[in-house]
Amino acid sequence: MDTTDYSEMLPVVNEQGEVTGKTTRKEAHGKLRPLHPVVHLHVFNSRGELYLQKRPQWKDVQPGKWDTATGGHVGYGESIENALVREVAEELGITGFAPVFLGRYTFESDVERELVHVFRTLYDGPVTPDANELDGGRFWSADEIAEAMGKGVLTPNFESEYKRFFLCKQ
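Quantities reported herein were computed from a predicted structural model and do not represent experimental measurements.

K.L.:
I tried to follow the packing of aromatic side chains on my own but got confused; where do I start?
P.N.:
For any pair of aromatic rings, the description rests on two quantities: the centre-to-centre distance and the angle between the ring planes. Inspection of every chain in the model, using the stated rule, returns 7 aromatic pairs. Here the aromatic rings of Trp66 and Trp140 are separated by 5.2 Å at their centres, their planes lie at 65°, and the arrangement is edge-to-face. With a gap of 74 residues between them, Trp66 in strand β5 (residues 66-68) and Trp140 in strand β9 (residues 137-140) connect regions that are remote in the sequence. Judged by its relative accessible area of 5%, Trp140 falls in the buried class. The rings of Phe44, Phe158, Tyr162 and Phe166 are connected pair by pair, giving a single aromatic cluster. Positioned above the aromatic ring of Phe44 is the side chain of Arg120, whose terminal nitrogen or guanidinium carbon lies 4.2 Å from the ring centre. In this arrangement the basic side chain of Arg164 is found over the ring face of Tyr105, its NZ or CZ atom lying 4.2 Å from the centre.

K.L.:
Could you clarify how one ought to interpret the nonpolar core in this entry?
P.N.:
Across soluble globular proteins, nonpolar side chains show a tendency to be buried alongside one another. In terms of nonpolar packing, the biggest core is built from 18 residues, with Leu50, Leu52, Trp140, Ile145, Leu154, Phe158 and Tyr162 touching the most fellow members. Secondary-structure elements contributing two or more residues to this core are β3 (35-44), β4 (50-54), β7 (100-108), β8 (113-122), α3 (142-148) and α4 (156-165). It is α4 that provides the largest number of residues to this core, a total of 3 residues. Listed in part, the 16 residues of the second largest apolar core include Ala83, Leu84, Phe119 and Leu134.

K.L.:
Help me out: how do you make sense of α4 in this one?
P.N.:
Because each turn of an α-helix spans 3.6 residues, side chains separated by three or four positions end up pointing in the same direction. Of the residues making up α4, those classed as buried are Asn157, Phe158, Glu159, Glu161, Tyr162 and Phe165. Those residues of α4 hidden inside the fold are in contact with β3, β4, β5, β7, β8 and α3.

K.L.:
Is there a simple way to think about helix α2 (residues 80-92) in this case?
P.N.:
A rise of 1.5 Å per residue sets the reference length of α2, with its 13 residues, at 18 Å; its end C-alpha atoms lie 18 Å apart and thus fit the reference within 8%. For α2, every residue scored as buried is listed here: Ile80, Ala83, Leu84, Glu87, Val88, Glu91 and Leu92. The buried residues of α2 occupy an angular sector of 125° when projected down its axis, which confines them to one face. Looking at the packing, one finds that the buried side of α2 touches β3, β4, β6 (70-73) and β8. Gly93 sits one or two positions beyond α2 and adopts a positive phi of about 70°.

Reading guide: rules and limits
- Residues numbered from 1 in each chain as written.
- Predicted model: local features only at pLDDT ≥ 70, side-chain atom pairs only at ≥ 80, totals over all residues.
- Heavy atoms only, no water.
- Phe/Tyr/Trp six-rings, centres within 6.5 Å; stacked < 30°, edge-to-face > 60°.
- Helix = DSSP H or I, 4+ residues; strand = E, 2+ residues; numbered from the N terminus.
- Buried < 20%, exposed > 50% of the residue type's maximum accessible area, 1.4 Å probe, protein only.
- Lys NZ or Arg CZ within 6 Å of the ring centre and 35° of its normal.
- Core = buried A, V, L, I, M, F, W, Y, C linked by side-chain atoms within 4.5 Å.
- Contact = heavy atoms within 4.5 Å.
- Expected span 1.5 Å × (residues − 1).
- Arc of directions from axis to C-beta.

Here's what the structure looks like:
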């Protein structure tokens, strides 16, 4: 069930991440596509496997596909760090993790423009995906991810981010 609040206020930012205004979530995914910040967390376990979430069928963007463990909007007036902690707790029930900042980049699609702040963490504790937010999730091996690439199983955003931050590091 879609519990998204489309009137939620989001910051509008420039390429450096400086807030230049605000917009609603609905407008952020509308015709004008203002640049707005989001956070992504890649959760690895000690075996080197990467946790991916399954997007529910009701999502308006990439329904039913496997995606980054956590991804979410930064609220207006919220720090990147606070948004990351909030989103990870909401989506996966994970608290007390140690995020490592990897970088940021601009992602554009037909429905949005996001300034993506990318983090990773090592985590071997329990993961409890929120059924109101996700359609489950699991840890994937590097071989499983490689096999799924380009086959419409993973979101294009995840695929490009994985290539950018992890394939070049191996």
